[in-house]
Amino acid sequence: MTIHIVTGSQWGDEGKGKVVDLLTEQVDIVCRYQGGNNAGHTIVVDGVKYDLHAIPSGILRDNIVSFVGNGVVFDPEQFAAESAKLREKGVSVTPEKLMISPKTSIIMDYHKALDKCREAAKKDNKIGTTGRGIGPAYEDKVSRIGIRAEDLLDRALLNRKIKAALKEKNAMFVNLYGVEPFDAEKLTERYFEFGKVLAPYIAPTDFSFAQFAKGKKVLMEGAQGAMLDIDHGTYPFVTSSNTLSGYFALGCGLPFSEVKDNIGLVKAYTTRVGAGPFPTEDHGTDGEKLRQTGYEFGTTTGRPRRCGWLDLVALKYVFEMSGITSIALTKLDVLNDFDKIKVAVGYNVEGRKIKSFPASIAFCEKIEPEYVELKGWKCDIAKIRNYDELPQEAKDYISFIEEKLGVPVSIISVGPGRDETIIRKEYLSLF
Ligand code: GDP
Ligand code: IMO
Ligand code: MG
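Predicted, not measured: the structure shown is a model, and the values here were computed from it.

**A short note on the coordination of the magnesium ion (ligand 3)**
And step 1. Looking at the metal site, the magnesium ion (ligand 3) is ligated by Asp13 (OD) and Gly40 (O), spaced 2.0 to 2.1 Å from it. Of the two residues, Asp13 is situated in the loop between β1 (2-8) and α1 (16-23) and Gly40 in the loop between β2 (29-32) and β3 (41-45); the sequence distance between them amounts to 27 residues.

**Regarding the packing of aromatic side chains**
And step 1. The full count for this structure, using the stated rule, is 16 aromatic pairs.
And step 2. With 3.9 Å between their ring centres and 10 degrees between their planes, Phe67 and Phe209 make a pair best called stacked. Of this pair, Phe67 sits in strand β5 (residues 65-68) while Phe209 sits in helix α7 (residues 209-212), placing them 142 residues apart in sequence. Judged on exposure class, the residue Phe67 and its partner Phe209 are both buried.
And step 3. An angle of 75 degrees between the planes, with centres 5.2 Å apart, marks the rings of Phe79 and Tyr201 as edge-to-face.

**Comments concerning the site of ligand 2**
And step 1. Taken together, 20 residues surround ligand 2, and among them Asp13, Lys16, His41, Thr130 and Thr239 come closest.
And step 2. Measuring from an oxygen atom of ligand 2, one finds a side-chain N or O atom of Lys16 at 2.7 Å.
And step 3. Between ligand 2 and Gly128 there is a distance of 3.4 Å, counted from an oxygen atom to a backbone nitrogen or oxygen.
And step 4. Computed on the free molecule, ligand 2 has an accessible area of 550 Å², of which 97% lies beneath the protein chains in the complex.
And step 5. Here the shell around ligand 2 is composed, by residue class, of seven nonpolar, 10 polar and three charged.

**Focus on the domain arrangement of the chain**
And step 1. Looking at the chain, the domain boundaries give domain 1 (2-103 + 204-261), domain 2 (105-198) and domain 3 (265-428).
And step 2. Each side of the interface is counted separately: domain 1 has 26 residues, and domain 2 has 23 residues.
And step 3. Between domain 1 and domain 2, roughly 1,900 Å² of surface is buried when both sides are summed, and carbon and sulfur atoms account for 60% of that area.
And step 4. By the criterion of area lost to domain 2, the three top residues of domain 1 are Val73, Pro76 and Lys103, representing 27% of everything that side buries.
And step 5. Here domain 1 and domain 2 share three salt bridges between them.
And step 6. In this structure, the connection of domain 1 to domain 2 is made through 12 residue pairs in polar contact (both at pLDDT 80 or more).
And step 7. Elements with a minimum of two residues in the side of domain 1 that touches domain 2: β6 (73-74) and α2 (76-88).
And step 8. Among the elements that take part in the side of domain 1 that touches domain 2, α2 stands out by supplying three residues, more than any other.
And step 9. Grouping the amino acids of the side of domain 1 that touches domain 2 by side-chain chemistry returns 11 nonpolar, 12 polar and three charged.

**Looking at the nonpolar core**
And step 1. Core analysis: the largest hydrophobic core is formed by 52 residues, its most contacted members being Leu335 and Tyr397.
And step 2. For this core, the secondary structure elements donating two or more residues are α10 (312-322), β14 (326-330), β15 (340-349), β17 (367-375), α12 (392-405) and β18 (409-413).
And step 3. Among the elements that make up this core, the one with the highest residue count is α10 (seven residues).
And step 4. Each of domain 1 (2-103 + 204-261) and domain 3 (265-428) gives at least three residues to this core.
And step 5. Sequence-distant contacts of Tyr397, that is, excluding residues within four places in its chain, are made with Ala268, Leu310, Leu332, Leu335, Ile341, Val343, Leu374 and Trp377.
And step 6. Counting 38 residues, the second largest nonpolar core, distinct from the first, contains Leu86, Cys117, Leu158 and Ala165.

**With respect to the site of ligand 1**
And step 1. Around ligand 1, a shell composed of 18 residues is seen, among which Lys16, Gly40, Thr42, Asp333 and Ser413 lie nearest.
And step 2. A distance of 2.8 Å separates a nitrogen atom of ligand 1 from a polar side-chain atom of Asp333.
And step 3. In the model, an oxygen atom of ligand 1 is placed 3.1 Å from a nitrogen or oxygen of the Gly415 main chain.
And step 4. It is α1 that contributes the most residues to the shell around ligand 1, three residues altogether.
And step 5. Looking at which domains feed residues into the shell around ligand 1, each of domain 1 (2-103 + 204-261) and domain 3 (265-428) gives three or more.

**Observations concerning the pattern of salt bridges**
And step 1. Within the structure shown, the criterion is met by 29 salt bridges.
And step 2. Between Lys112 and Glu77 there is a salt bridge, with its nearest N and O atoms 2.7 Å apart. Placement of the pair is Lys112 in helix α3 (residues 109-121) and Glu77 in helix α2, with a sequence separation of 35 residues.
And step 3. Its relative accessible area of 11% is what places Lys112 among the buried residues.
And step 4. By relative accessible area, which is 34% here, Glu77 ends up partly exposed.
And step 5. One salt bridge in this structure joins Asp151 and Lys161, with 3.0 Å as the shortest N-O distance. Within this pair, whereas Asp151 is found in the loop between α4 (134-143) and α5 (155-176), its partner Lys161 is found in helix α5, the two being separated by 10 residues in sequence.
And step 6. Among the charged side chains, a salt-bridge network with shared partners connects Asp13, Lys267, Glu296, Arg305 and Lys331.

**Description of helix α6 (residues 184-198)**
And step 1. With 15 residues, α6 should cover 21 Å at 1.5 Å per step; its first-to-last C-alpha distance of 20 Å lies within 8% of that length.
And step 2. Every buried residue belonging to α6 is among Ala184, Leu187, Thr188, Tyr191, Phe192, Phe194, Gly195 and Leu198, and all of these are buried. Down the axis of α6, the smallest arc covering the buried residues is 160 degrees, so these residues share one side.
And step 3. Its buried side turned inward, α6 meets β6, α2, β7 (98-100), β8 (105-106), α3 and α5.

How each quantity is defined
- Residues numbered from 1 in each chain as written.
- Chains lettered and ligands numbered in written order.
- Predicted model: local features only at pLDDT ≥ 70, side-chain atom pairs only at ≥ 80, totals over all residues.
- Heavy atoms only, no water.
- Donors = N, O, S within 2.8 Å, 3.2 Å for Na, K, Ca; no water.
- Helix = DSSP H or I, 4+ residues; strand = E, 2+ residues; numbered from the N terminus.
- Phe/Tyr/Trp six-rings, centres within 6.5 Å; stacked < 30°, edge-to-face > 60°.
- Buried < 20%, exposed > 50% of the residue type's maximum accessible area, 1.4 Å probe, protein only.
- Near = heavy atom within 4 Å.
- Polar contact = N/O pair within 3.5 Å; in protein donor to acceptor, adjacent residues only side chain to side chain.
- Areas by Shrake-Rupley, 256 points an atom, 1.4 Å probe, with all protein chains shown as cover.
- Nonpolar A, V, L, I, M, F, W, Y, C, P; charged D, E, K, R; others polar.
- Domains from an automatic or database assignment.
- Contact = heavy atoms within 4.5 Å.
- Buried area = accessible area lost by both parts, 1.4 Å probe.
- Salt bridge = Lys/Arg side-chain N within 4 Å of Asp/Glu carboxyl O.
- Core = buried A, V, L, I, M, F, W, Y, C linked by side-chain atoms within 4.5 Å.
- Expected span 1.5 Å × (residues − 1).
- Arc of directions from axis to C-beta.

As structure tokens, this is what we get:
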């Protein structure tokens, strides 16, 4: 077995879908191991756009198994809608191509409702969640009152578990949020029906992914980005799972020892959706230009993404924790028309230089980034497929990133399409 990990190194939307799709040609299995349909991964193949949320990006190729690991929170309603859309576009979604761990946590209607009630009730401290029930579903998992995929197949068990989960929640819905309670019987029927649809995809209870993956090449598809990690991100403005690459092992049950590539996705600038610290955010014309040129609008919620410059302090912090072996630098073409490109190389807080990304968000909000300016290349690089053909200024930008982070850039993405990519195979064990 060999394992190749692809994770976002910023606040999400780095282009994981595009890069995972590109690399699927080289592997046997694509695995999602954390997060849920808060993710929105856009892939463009031959001009056709596919938006994936709950289903791993491997689904676009017929000879690959896509696996949804135990660390994921999975919404069966979203699965039904997403698989129908894929089929409309000619993509087959079959049990031969998609497997779900029996241990995967299920997102229930009450998780989505709770997520929305909580966000609506907050005044000036909204997280700006995707409203997909992610946090409440993970809470139930950790509280040991969650519903797992295999539970959907046993009506009596499902009913018992739903009743237990609703005990506290219905009290909250009625007394705290003033909304209708959930009916355990109706929910049992609804989710038992979902269970029938999911049954062929759910692996048997004695399934071992480690045994299944023996002798195969496995690509790990991260969701969100490292700075949204529940522990190491800008807490509490984070998602509810561990997004750092190290979590793959627990999120699907495979050993660390087989990791051959640990690819960190870095967008050539930075974006963030939702609230929370973003030291290099640009509120001026540059930020607006990045948003329009990069078409930075959320895949999941359609919200305009906040935009700003590359932040090498935040990236260094992430790379040190994750042990990234090479960088996939995406959306480099979005910088085509900038005279000068700014990059944050240090942080000052109240006149003092700080050493690493701070743990405290009160501190984060006082950060004044220290920038260097690099010269832009001012030409279209979208058609370039060889590193040597890139303009010198683009190569300088890449070298600057490599030098500061101490990791080579193995993939350079110059457009959304599968082929709009420069691959430096010498830095990847996958080829
Ligand atoms: P993900 O969540 O990390 O998979 O990223 P998203 O799919 O949410 O956002 C990335 C967006 O940028 C998508 O619309 C992609 O089609 C697009 N994209 C990916 N790579 C490139 C690139 O190199 N250049 C341009 N212009 N667009 C890209
Ligand atoms: P991909 O995989 C960008 C953000 C939300 C919000 C916070 C918490 O496409 O990169 P949640 O619904 O997870 O409880 O919301 O996390 N967020 C993302 N931002 N890309 C994502 O996924 C995200 N998934 C969650 O905007 O700020
Ligand atoms: Mg996205």
